[in-house]
Amino acid sequence: MIEESLLLREFLDWVAARPRSYADTVEAWRSSCPRHPVLDDAFTAGLIASVGKTVILTTRGEALLGSDRSSPVPSASVWQTNAN
């Protein structure tokens, strides 16, 4: 199972935001750092798939992203309101 991380959630949000080409995805998320292989991990775990030249979230990726969205992080405006 893939380790859930903020970087993984950011990546899944990025894929979900709009259609992404495979080339754009690889260019934006390829990493030579062995500690941050989020693109490779997401493909291996079945969270994303390449359909033609487009990268999409799979049902599994949507489920992981959806479970994360059920407990949202407060926005910056909430923190500013609480600070006053």
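All of these numbers come straight from a predicted model, not from anything done at the bench. (Residues numbered from 1 in each chain as written. Predicted model: local features only at pLDDT ≥ 70, side-chain atom pairs only at ≥ 80, totals over all residues. Heavy atoms only, no water.)

Participant: Outline the nonpolar core, supporting the account with residue identities and numerical values.
Facilitator: Ranked by size, the top nonpolar core spans 16 residues in total, and within it Leu8, Phe11, Leu12, Leu47 and Ile48 carry the most contacts. Of all the secondary structure elements, the ones that give two or more residues to this core are helix H1 (6–17), helix H2 (22–29), helix H3 (38–44), strand S3 (54–57) and helix H4 (59–69). Counting residues per element, this core draws most heavily on H1, which supplies 4 residues. When sequence neighbours within four positions are dropped, the list of residues in contact with Phe11 reads Thr25, Trp29, Val38, Leu39, Ala42 and Ile48. (Core = buried A, V, L, I, M, F, W, Y, C linked by side-chain atoms within 4.5 Å. Buried < 20%, exposed > 50% of the residue type's maximum accessible area, 1.4 Å probe, protein only. Helix = DSSP H or I, 4+ residues; strand = E, 2+ residues; numbered from the N terminus. Contact = heavy atoms within 4.5 Å.)

Participant: Could you give an account of the packing of H1 against H2, naming the residues involved and the relevant values?
Facilitator: Viewed as axis vectors pointing N to C, H1 and H2 meet at an angle of 155 degrees, and their least axial separation amounts to 12 Å. Our classification of the angle between H1 and H2 gives roughly antiparallel. Crossing handedness for the pair H1 and H2: right-handed. Of the residues in H2, those touching H1 at Leu7, Glu10, Phe11 and Trp14 are Asp24, Thr25, Ala28 and Trp29. (Axes fitted to C-alpha atoms, helices over the stretch in contact; angles between N-to-C directions. Parallel < 35°, antiparallel > 145°, perpendicular 65-115°, else oblique. Left-handed = near helix turned anticlockwise from the far one by under 90°.)

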